[in-house]
Amino acid sequence: MSRLVVVSNRVADPRKATAGGLAVALGEALKATGGLWFGWSGSIVEGGAPGEGELHVQHAGSVTLATVDLSVEDHAGYYLGYSNGVLWPVFHYRLDLARFDGGHINAYRRVNQLFARKLMTLLKPDDIIWVHDYHLIPLAAELRALGSTHRIGFFLHIPLPPQLLLAAIPQHEWLMRALFSYDLVGFQSEVDLLHFSHYVHAEASAESLGQNRFRAFDRTVQAGAFPIGIDVDEFAALTHGKEASDMYERMKEEYSRRKLLLGVERLDYSKGLPQRLRAFQTLLKKYPENLRSATLIQIASPSREDMGTYTDLLQELESLCGAINGNFGELDWMPIRFIHRNVARRRLPGLYRVARVALVTPLRDGMNLVAKEFIAAQDPADPGVLVLSRFAGAADQLKEALLVNPYDTDGTADAIQRALNMSLEERQSRHQKLLKTIREQDVHWWRQTFLKTLAETRSA
Ligand code: GDG
C-alpha cells in the first residue's frame, strides 16, 4: 500500500483528544499507511530569511509529523496577507473585504515553494499526497516543477465562488491553472463544482471529458464534490463523557426556566453573526412571549486576531449585544450571553445537548461542521432543532433542518419561533433523518471516497 502524505497549513497530533474529527480521521488514514503529515509549525521566526525555515520532524506513533517555521515576512504575506486577506474573503463572496494591493502574492508563492522544497526531501517514489485548503493551491505545481510525479489530490474546505468573483483576483488565472497540476480536485458541494466547471469553460476554454474530467491549460484534471462529515461515534462518545455531562447538568439547572438557543463558531465575518443577533432581536420584538424566556448563548471563539477586519467585527458584535441586552434585558434575565473565548472541546457537546435550538446561519460556508456536531449530540428522544443557513454547504445534505436566508431578518426570526415551538413528534422525525444522513456520510466516508477516487485517477 502506498504511503499517505497529508499537507495542510497546520498539523495536528492525531493522538491528542483535542485534535478534532478531521485530525482523527486523517490520523487514522495516516496510521494505516505509516504516513507523513506536513505543514507549518506555527512558529514565526524574528529575523528569519524570507523563503527559508527550519524543518522539524517528530514521530507520533507510526505517523511522522514534519513542520517548517516561517519568517515574520512570510507569515505576514502568505498567511495574513494573501491566504486570509485575499483568498478567504473572495472565496466567501466578500470582495469588499479583500485587500488586493498588498503585494502578498510573492510571499504566498515563496512559502508554497519552501513547502515544496522541504517536502521533496521527505517523499518516497510511490507516496500519495493529499493537499488541503486555500493556503496551498499552488503546491502541486511547485512540486511538479521540482520533478514530482506523485499522485496528488487537493481538497478545498471553503467554497469556490462564481467565475466573475474569482476573476476579480488579479492572479486568478495562475491560481486556477495551478489546480490542473493535481490529479484530483475535491470541493465541498455540487455548487462549488459547478462554479469550477463554469470558470474553466468561460476563462480557459476548457473541454469537458465527461464525469467531471476537464482539459485546460494543456492538462487534464478530475474534479468532484466530497462533502466533509464528522466522526459521529467519536462525537457521541464525547457527549456521554464526564466533562460534557457536567456541562449539560450545570446548564440545565442554571437555565431551567429558560429556552436556550445556541451559536458556536470561530469569530469570522463569514458566519453571519451580526445578522443572527438582529434576527434574535426581531424574535423578541415580534414574538414577545420569548421575553424573559429565550436566552441566546453565542460562543465566538477568538480567531485571526491579528487582522483588522476581525477586530472591527468583534466591536460590532459587542455593541449589538450591549444594545439588545440593554433594551430588552431585565434584572433577572439577559437575552444574550456573548462569550469571546474558546470552550474546551470535551465540554462542547454538553452545550449542544442542552440547547433547544442551534443557530447555524453563515452568510457563506464551505460545509459547517457545527451543524453536524449539534445533530450528533442530541438526545434522540427529545432533540433540539437546527436552524441552518441555506448558504452553508451543509444545507445540501441537511434538508430536514429549518433552512433560512440569513439576510432575511424577519424570515430567520420566524424560523427560530417555529423551532422553539416545534412538536416533539416533528423534532424527533427531523432529527432521525438528519442523524441518518450524517452517519452515512461521516468523515470516514469522506476520506475513503476522496482517497479511492484519487487512487483511481491519473491525470496528464
Ligand atoms: C472550515 C470551513 C468546513 C468552534 N468554536 C469552538 C470550537 N469550534 C469548532 C467546532 C467545529 C470547528 O471548530 C468549526 O468548524 P466549521 O466547519 O464550522 O468551520 P471552519 O472553522 O470555518 O472550517 C468549513 C470546515 O473547514 C471543514 O472542511 O466545514 O466550512 O470554513 O468542529 O466545534 N471548538 C472548541 N471550542 C470552541 O469555542 N473546542
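Residues numbered from 1 in each chain as written. Predicted model: local features only at pLDDT ≥ 70, side-chain atom pairs only at ≥ 80, totals over all residues. Heavy atoms only, no water.

Asker: Hey, could you run me through the overall build of the protein in this one?
Answerer: Each helix and strand in the protein was counted, giving 16 helices and 16 strands. Relative to the globule expectation of 23 Å for 460 residues, the C-alpha radius of gyration of the protein, 23 Å, shows essentially globular dimensions. Seen through its principal axes, the protein has C-alpha atoms that stretch 65 × 50 × 45 Å. Contacts in the protein between residues at least 24 apart in sequence constitute 78% of all its contacts with a sequence separation of at least 6. Of the roughly 18,600 Å² of accessible surface on the protein, a fraction of 49% belongs to carbon and sulfur atoms. Charge-centre separation for the protein: the mean point of 52 positive side chains lies 3 Å from the mean point of 53 negative side chains. (Helix = DSSP H or I, 4+ residues; strand = E, 2+ residues; numbered from the N terminus. Rg over C-alpha atoms; globule rule 2.2 N^0.38 Å. Contact = heavy atoms within 4.5 Å. Areas by Shrake-Rupley, 256 points an atom, 1.4 Å probe, with all protein chains shown as cover. Lys, Arg positive; Asp, Glu negative; His and termini not counted. Charge placed at Lys NZ, Arg CZ, Asp CG, Glu CD.)

Asker: Help me out: how do you make sense of the site of the ligand in this one?
Answerer: In the region of the ligand, 24 residues are neighbours, and His157, Val343, Asp365, Leu369 and Glu373 sit closest. Within the side chain of His157, an N or O atom sits 2.6 Å from an oxygen atom of the ligand. Ser301 is positioned such that a nitrogen or oxygen atom in its side chain is 3.2 Å from a nitrogen atom of the ligand. For the shell around the ligand, the secondary-structure elements that each account for two or more residues are β11 (259–266), β12 (294–301), α12 (348–354) and α13 (369–377). The residue makeup of the shell around the ligand, split by class, is 11 nonpolar, 6 polar and 7 charged. For the shell around the ligand, the domains that each give at least three residues are domain 1 (4–229 + 443–456) and domain 2 (232–440). (Near = heavy atom within 4 Å. Polar contact = N/O pair within 3.5 Å; in protein donor to acceptor, adjacent residues only side chain to side chain. Nonpolar A, V, L, I, M, F, W, Y, C, P; charged D, E, K, R; others polar. Domains from an automatic or database assignment.)

Asker: What's the story with the side chain of His75 in this structure? I'm lost.
Answerer: Examined against the element boundaries, His75 turns out to sit in helix α2 (residues 72–91). His75 gets classed as buried once you look at its relative accessible area, which sits at 8%. Sequence-distant contacts of His75, defined by excluding residues within four places in its chain, comprise Trp40, Ile44, Leu70, Leu80 and Asp306. (Buried < 20%, exposed > 50% of the residue type's maximum accessible area, 1.4 Å probe, protein only.)

Asker: Before we go on, may I ask you to explain helix α3 (residues 105–120) in this structure?
Answerer: Each α-helix turn comprises 3.6 residues. Residues three or four places apart therefore point the same way. An ideal rise of 1.5 Å per residue puts 22 Å on 16 residues; α3 measures up with 22 Å between its terminal C-alpha atoms. Listed in full, the buried residues belonging to α3 are Ile105, Ala107, Tyr108, Val111, Asn112, Leu114, Phe115, Ala116 and Leu119. Packed against the buried residues of α3 are β1 (4–10), β2 (36–45), β4 (63–71), α2, α4 (139–145) and α6 (172–179). (Expected span 1.5 Å × (residues − 1).)

Asker: Could you clarify how one ought to interpret the pattern of salt bridges in this entry?
Answerer: The final tally for this structure, using the stated rule, is 26 salt bridges. The salt bridge partner of Asp268 is Arg266, with a shortest N-O separation of 3.6 Å. Measuring nitrogen to oxygen at the nearest pair gives 4.0 Å for the salt bridge that ties Glu373 to Arg345. Of this pair, Glu373 sits in helix α13 while Arg345 sits in the loop between β13 (336–339) and α12, placing them 28 residues apart in sequence. Judged on exposure class, the residue Glu373 and its partner Arg345 are both buried. Linked through salt bridges whose partners overlap, the residues forming this network are Glu234, Arg345 and Glu373. (Salt bridge = Lys/Arg side-chain N within 4 Å of Asp/Glu carboxyl O.)

Asker: Explain the side chain of Arg447 here, please?
Answerer: Examined against the element boundaries, Arg447 turns out to sit in helix α16 (residues 443–456). When neighbours within four sequence positions are excluded, Arg447 is seen to be in contact with Ala25, Glu28, Ala29 and Trp130.

Asker: Is there a simple way to explain unusual backbone geometry in this structure?
Answerer: For residues that are not glycine, phi is negative in most cases, and the peptide bond is trans in most cases. Phi angles above zero are rare outside glycine, and Gln211 is one such case at about 50 degrees. Along the polypeptide, Gln211 turns up in the loop between β8 (207–210) and β9 (213–216). The phi angle at Arg304 is positive, at roughly 45 degrees, despite the residue not being glycine. One can find Arg304 in the loop between β12 and α11 (308–328).

Asker: Is there a simple way to explain the domain arrangement of the protein in this structure?
Answerer: What the domain assignment reports for the protein is domain 1 (4–229 + 443–456) and domain 2 (232–440). Once you take the C-alpha centre of each, domain 1 and domain 2 turn out to be 30 Å apart. Listed per partner, the contact involves 29 residues of domain 1 and 22 residues of domain 2. Both sides together, the interface formed by domain 1 and domain 2 hides about 1,900 Å², and carbon and sulfur atoms give 60% of it. Where domain 1 packs against domain 2, one counts 1 salt bridge. Between Asp192 and Arg364 there is a salt bridge, with the nearest N and O atoms lying 3.8 Å from each other. Linking domain 1 to domain 2 there are 5 residue pairs in polar contact (both at pLDDT 80 or more). Listed by contribution, the elements that provide at least two residues to the side of domain 1 that touches domain 2 are α1 (21–33), α2 and α7 (190–204). A class-by-class count of the residues in the side of domain 1 that touches domain 2 yields 15 nonpolar, 11 polar and 3 charged. (Buried area = accessible area lost by both parts, 1.4 Å probe.)

Asker: What is the right way to look at the packing of helix α10 (residues 273–286) against helix α14 (residues 409–420) in this model?
Answerer: Two measures define how a pair of helices packs: the angle their axes make with one another and the distance between the axes. Between α10 and α14, the shortest axis-to-axis distance is 8 Å and the interhelical angle comes to 65 degrees. By the angle class used here, α10 and α14 are roughly perpendicular. Crossing hand, α10 versus α14: right-handed. Residue-level contacts link Arg278, Ala279, Thr282, Leu283 and Lys286 of α10 to Thr409, Asp410, Thr412, Ala413, Asp414, Ile416, Gln417 and Leu420 of α14. Along the lines of polarity and charge, the residues of the contact of α10 with α14 split into 5 nonpolar, 4 polar and 4 charged. (Axes fitted to C-alpha atoms, helices over the stretch in contact; angles between N-to-C directions. Parallel < 35°, antiparallel > 145°, perpendicular 65-115°, else oblique. Left-handed = near helix turned anticlockwise from the far one by under 90°.)

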